[in-house]
Amino acid sequence: MVATPEMLARQAVAFASAKLAEREAVFAAGTLAREAGDFAFGKVSHDAIASVISEAQERGELVPRIFRDRRGTEYAGFTTPRAIEIERTMLRIEAAGRNMLQPLASPMGAARTVERAARQSARAGFAWTEDQKRSTADLLVSRDRVIAVQGYAGTAKTTTVLATYACEAERRGLTVTALAPTASAATVLGEALGRRGDTVARHLLTPEARMTGKDAVWIVDEASLLSAHDMARLMAGADKAGARLVLVGDVRQLGSVGAGAAFAQLQQAGMATTRLAEIVRQTNAEAREAVLASIEGHAGKALAALERGGGKVIEAATQDERLRALAREYVAMAPAERARTLVIEPSRDGCDRLTGLIRGQLVGRGELSADAVRFTALEPKGLTRAEAREAASYAVGDVVRFNRDYAGRSVSRGEALRISAVDPERGRIGLEDGRGRPIDWHPRQWGAGTVEVFEPRPMELRTGDRVQLTRNDREQGRVNGLGGTVTGIEPGTASATLKLANGREQRLDLTDARDCHLRHSWVQTVYAAQGQTAERVLIHADSRSTNLVDQKLLYVAVSRARSEAIVVTDDRERLVRAVYERAGEKQTAMTASDVRKTKALGAALG
DNA sequence: TTATTATA
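A quick note: this is a predicted structure, and the numbers were derived from the prediction, not measured. (Residues numbered from 1 in each chain as written. Chains lettered and ligands numbered in written order. Predicted model: local features only at pLDDT ≥ 70, side-chain atom pairs only at ≥ 80, totals over all residues. Heavy atoms only, no water.)

**Comments concerning the sheet that holds strand β11 (residues 341-344)**
Reading across from one edge, β10-β24-β23-β11 is the order of the four strands in this open sheet, with parallel pairing throughout. Since the sheet does not close on itself, it has two edges, and those belong to β10 (311-315) and β11, each with one partner. Ignoring which end each strand starts from, the neighbouring axes of this sheet average 15° apart. Where β11 and strand β23 (residues 534-541) come together, four bridges link them in parallel fashion. Looking at the pairing, isoleucine 344 lines up with isoleucine 539 of β23. Packed on one face of the sheet, helix α20 (residues 551-559) meets β11, β23 and β24 (561-569) and runs near 155° to β23. (Pairing = 2+ DSSP bridges. Helix = DSSP H or I, 4+ residues; strand = E, 2+ residues; numbered from the N terminus. Axes fitted to C-alpha atoms, helices over the stretch in contact; angles between N-to-C directions. Contact = heavy atoms within 4.5 Å.)

**Side note on the UniProt feature "domain: UvrD-like helicase C-terminal" (unreviewed entry) in chain A**
On the UniProt side, "domain: UvrD-like helicase C-terminal" (unreviewed entry) is annotated at positions that read residues 520-568 here. Annotation note: span residues 520-568, helix share 27%, strand share 35%, distance between end C-alpha atoms 21 Å. (UniProt positions renumbered as here; feature names shortened; annotations may be inferred.)

**A word on the layout of surface pockets**
In this model, the second largest pocket occupies a volume close to 670 Å³. For the second largest pocket, the lining is made up of 26 residues, of which Gln11, Phe39, Pro424, Glu425 and Arg444 are closest to its centre. Counting only elements with at least two residues in the lining of the second largest pocket, the list comes to α1 (5-23) and α2 (29-39). Considering each element in turn, the lining of the second largest pocket owes the most residues, five residues, to α1. Residue composition of the lining of the second largest pocket, grouped by class: 13 nonpolar, four polar and nine charged. (1 Å grid on protein atoms, 1.4 Å probe; cavity = no way out; pocket = protein on both sides within 12 Å on 5 of 7 lines; lining within 4 Å. Points joined across faces, edges and corners; volume = space filled by probe spheres on them. Nonpolar A, V, L, I, M, F, W, Y, C, P; charged D, E, K, R; others polar.)

**Describing the nonpolar core**
If you look at the biggest cluster of nonpolar residues, it comprises 39 residues, and the most contacted ones within it are Met90, Trp218, Met231, Leu234, Met235, Leu245 and Leu247. Of all elements in the fold, only α4 (81-96), β4 (146-151), β7 (216-220), α11 (228-241), β8 (243-249) and α12 (262-268) reach the threshold of two or more residues within this core. Ignoring sequence-local partners within four residues, the contact set of leucine 247 consists of Val146, Ile147, Ala148, Val149, Val220, Ala223, Met231, Leu234, Met235, Phe263, Leu266 and Met271. Of all hydrophobic cores here, the second largest spans 34 residues; its members include Leu306, Ala529, Ala541 and Val549. (Core = buried A, V, L, I, M, F, W, Y, C linked by side-chain atoms within 4.5 Å. Buried < 20%, exposed > 50% of the residue type's maximum accessible area, 1.4 Å probe, protein only.)

**Some remarks on the side chain of glutamine 524**
Structurally, glutamine 524 is set in the loop between β22 (518-520) and α19 (526-529). On the accessibility criterion, glutamine 524 (7% relative accessible area) is buried. Excluding residues that lie within four positions of it along the chain, glutamine 524 makes contacts with Leu342, Val343, Ile344, Glu345, Cys351, Gln468, Ala529 and Gln532.

**Quick notes on the packing of aromatic side chains**
Given two aromatic rings, one states the distance between the centres and the angle between the planes to describe the pair. For the structure shown, the criterion picks out nine aromatic pairs. An angle of 90° between the planes, with centres 6.4 Å apart, marks the rings of tyrosine 152 and tyrosine 555 as edge-to-face. Taken together, the positions of tyrosine 152 in the loop between β4 and α7 (158-171) and tyrosine 555 in helix α20 put the pair 403 residues apart, joining distant regions of the chain. For tyrosine 555, a relative accessible area of 0% puts it in the buried group. Their ring planes at 75° and their centres at 5.7 Å tell us that phenylalanine 402 and tyrosine 406 sit as a pair that is edge-to-face. For the pair phenylalanine 402 and tyrosine 406, one class covers both residues: buried. Aromatic ring contacts, followed pair by pair, group Tyr394, Phe402, Tyr406, Trp441 and Trp446 into a single cluster. (Phe/Tyr/Trp six-rings, centres within 6.5 Å; stacked < 30°, edge-to-face > 60°.)

If you want it as structure tokens, here you go:
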């Protein structure tokens, strides 16, 4: 069957809006038309696409909304009924759970618990801040089903507030579950609370999450990383299981990759929120001042504080000069100092270049072995669900893995398959298994919902190399984001041994796709760095990388450092303006007045 | 225009 131009135009607009809606609650009308045009390979006129868009708008499938770009300039845009519904669900559940529960403690009881915990901590040399005391008490006396802890980076909320709350909740017979959106953050929270941490996604699949009528509390760290969709699912799950929800995060740090700004939106809608603002991480007053200024988006004040003693600021005109300056600063440190330093470069491309410079110098100094093992690493391709259904999104050489058996297609779960042919016009992909057996894959018909897609990438490992895992592998005890050091290589057999940061030693067979989910970790993106702490950070902040350098980048990067932050930039004044202009907030599908209506409804219920 | 997690 040959698609008519009209059918193709419809398909193109449906694809484009599905793809954009996964990542943004509101997208620009111009972007929608362009994505649709790209999908149709230029076989459909701009007018045909425009008329399909206006039909969709008349039918209510696209809802007009003002789109704001990163500088706040307004354009015509759209959201979808589904995005609105997701946000409404999330806000409704939170509002309906207000003032519904027996508190865990009376105000008196809470005060006693806090005093006891604070005294114990003071004996160990850590005095609690007033914020920590008040927040712990707020949680203990809360009658709300959902309560938030909004805490800036380095307020030590986990070891004080959450640890005390979890302990007290357990003492009163509640089951406490430690959760986070990412596997690495879940591990960190789990360790801090002395229990196993789990990802939100996994937890929602477990039987405990489906059990009802049980006294339970789910503590969710890094809640700002949850998209509206994930937040809605989490809340619906907690609601069903009758669990209390403690959402812990920071609206000023990085948000979700997926659409929405759920944690911030819930706070704005009046979710009970206890706040911690007093930062205790920085040992250096000027570094701390820089963090506080960066929270407000005042890069000028932040940079001035760094120059007064919190670190330094280096200006260099070209990218080449800046990356060289970063590499020079880093390599000049003693190895022990380097181990306590984070190097942050916002873009993937820049990360690669800077990694190359640093490794080159370390080889020259003999700190990385002269011998190397070369292999093909697998990098996640980051397709949206909509893209995963389209053959045009794939390339020959990519590796796919299905997380389910497809018996009729002789595909088994977890098997790595290489793409040998792509036919975008017919929507077909040729796959090969390990023995070269061909499989015909039609992603619009099956498998696109369970597929992981990876791109091949040449990589070399030397003894002494720092790497990080890029995929969870529970059977092998591998956690995405976990760091490690290469302790030995065998170029002859294409294998390497890795000492992981959790103390385990693993041998990698670099001819096996399963062992190739690796990346050098000398340099990290901000997303990877969020949640980590170091003595010192080196930050590349190019004012011209409009999509990456904003208030959130500066704040997350500077706040990682306990004592010193070094910022390398193209132009100080431009950087100050860029950070001031770009808050880095994601938009929501519901307008402020929609939220007020939902809030009024919640108030009427509560 | 660019970062990226999770799951069956």
